[in-house]
Amino acid sequence: MRCYRARGLLRRKAAESLSDSQERRLEEHLGACLACSKLTEEIERAWAALGHLPTVEPSADFLPRLKARLREEDTSSRQGTGPVRSWRWVAVAACVLLAAVFAARFETGRQNPSPEERTAVSARDSNVPDEQFLQDLEEILQQSDVDFLSAYDVWPAVPQDAKDRGTRKAGEADGSKKKERPS
Amino acid sequence: MADAIMTQTDQDAALMVAFQNGDSTAFDQLLDKYHRPIVNFIYRIVNNSGEAEELAQEVFLRVFRARQGYEPKARFAAWIYRIATNVSLKEAGRKRRMRFWNHNHGSEGAPGLDLQEVIPDPGPDAERRMISGELGRVIRRAIQGLPRNERVALVLRRYEELSYREIADIMECTEAAVKTYIHRGKLHVREGILPYLEKGRV
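Conventions we followed
- Residues numbered from 1 in each chain as written.
- Chains lettered and ligands numbered in written order.
- Predicted model: local features only at pLDDT ≥ 70, side-chain atom pairs only at ≥ 80, totals over all residues.
- Heavy atoms only, no water.
- Buried < 20%, exposed > 50% of the residue type's maximum accessible area, 1.4 Å probe, protein only.
- Helix = DSSP H or I, 4+ residues; strand = E, 2+ residues; numbered from the N terminus.
- Salt bridge = Lys/Arg side-chain N within 4 Å of Asp/Glu carboxyl O.
- Contact = heavy atoms within 4.5 Å.
- Buried area = accessible area lost by both parts, 1.4 Å probe.
- Polar contact = N/O pair within 3.5 Å; in protein donor to acceptor, adjacent residues only side chain to side chain.
- Nonpolar A, V, L, I, M, F, W, Y, C, P; charged D, E, K, R; others polar.

(A) Layout of unusual backbone geometry. If you check the backbone angles, Asn47(B) has positive phi at about 60° while not being a glycine. On the basis of relative accessible area, Asn47(B) is assigned to the buried category, the value being 0%.

What follows is the structure, encoded as structure tokens:
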């Protein structure tokens, strides 16, 4: 077996995915190859050497500082005064306040409508025009430049010759289409 | 049922459950037991003692906040190391992005990817506390030179003595992948300390 194949088997051995026959062949190679057996020995020594890494001792104030932070966290969670919670409450309170302001304005508007709104509402809600409605309507019409009533009363009648012209044009248009159609 | 069995076999999980039920002394016991290993674990990942302490504090704060939702489905040690791994890797990723940004934007003090930048020195104060000799420094450098996955898998296995299954859960990969990471890590560490191995000083 070549060394590069043995290295591949070593990797697979580490992943515990070697078959019995592969393991046997690897052992045979390691018994015969000085370089590969030296490599496996060095890997084991390197693993053992990792135990020489010194440990870190946390600073003296680590635990007191942590416990203070935990107490603060605990107090915040009990009272709901943590930074995140308080911001959420501020946001909710602001939304509620805004909604209340809009609702109040809307309600005030409904209770004290403008003359135009009052006119429109009374005209919509009642089929019988009351005195106030008629006065308001007259006032609006007087203020306006357009003569609505005359426009309504004197609706222009369509002259007879105009009616005839309309019929003839329609007939001509129909005939021209027939001419264009291929026989 | 499984939770009950777990708390019987894992005393730390039982302590966490006791804390969940209002026993604050149980959490103090967990702090006493785990604060050194967690600081050490994070130090081996981020290679800075000050940062390691800050991140360890973050780990315990997260454990504290998670008490209500805690379920002893796994060993407590595996659970807390999972949190510590996530916190450490997030910080390591942030540092990597900062290095990339500084390198690309030519900010002052961005020396490029030399060894001292990849493996920042912990400073004289921490050095005095932590390093006991030349070999310790060499091993520390060898560990810091490992790719992220190899480093996490190797540290969790070698120093925290977690099982392959637990490491696989933490790293969200298969056990075979963990074993491969550890094997590659061993090979890289061997390369890093080869002069010492050849001199027979290890």
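Additional details are given in the paragraphs that follow.
(B) Layout of the environment of Gln144(B). Residues and elements named next belong to chain B. Locating Gln144 in the fold gives a position in helix H8 (residues 134-144). A relative accessible area of 7% means that Gln144 is categorised as buried. Gln144 sits 98 residues away from Val46 along the chain, and the two C-alpha atoms are 8.2 Å apart.

(C) How the structure looks around the pattern of salt bridges. Scanning all chains against the criterion turns up 20 salt bridges over all chains. Between Arg65(A) and Glu54(B) there is a salt bridge whose closest N-O contact spans 2.8 Å. On the criterion of chain membership, the pair formed by Arg65(A) in helix H4 (residues 62-79) and Glu54(B) in helix H4 (residues 49-65) is interchain, its members lying in two chains. Among the ionic pairs, Arg62(B) bridges to Glu58(B), the shortest N-O distance being 3.1 Å. On the criterion of helical spacing, the pair formed by Arg62(B) and Glu58(B) is a turn pair, its members being 4 residues apart in helix H4. Take Glu58(B): its relative accessible area is 22%, and that puts it in the partly exposed class.

(D) Structural view of the interface of chain A and chain B. Chain A puts 34 residues into the contact, and the matching count from chain B is 47 residues. Carbon and sulfur atoms make up 64% of the area that chain A and chain B hide from each other, which totals about 4000 Å². Our enumeration of links across chain A and chain B arrives at 7 salt bridges. Close ionic contact of Arg36(B) with Glu57(A) constitutes a salt bridge, the shortest N to O distance being 2.8 Å. Counting the contacts that link chain A with chain B gives 11 residue pairs in polar contact (both at pLDDT 80 or more). The set of elements that each furnish at least two residues to the side of chain A that touches chain B consists of helix H1 (3-14), helix H3 (34-49) and H4 of chain A. Element by element, the count of residues in the side of chain A that touches chain B is highest for H4(A), at 10 residues. Tallied by class, residues from the side of chain A that touches chain B come to 18 nonpolar, 5 polar and 11 charged.

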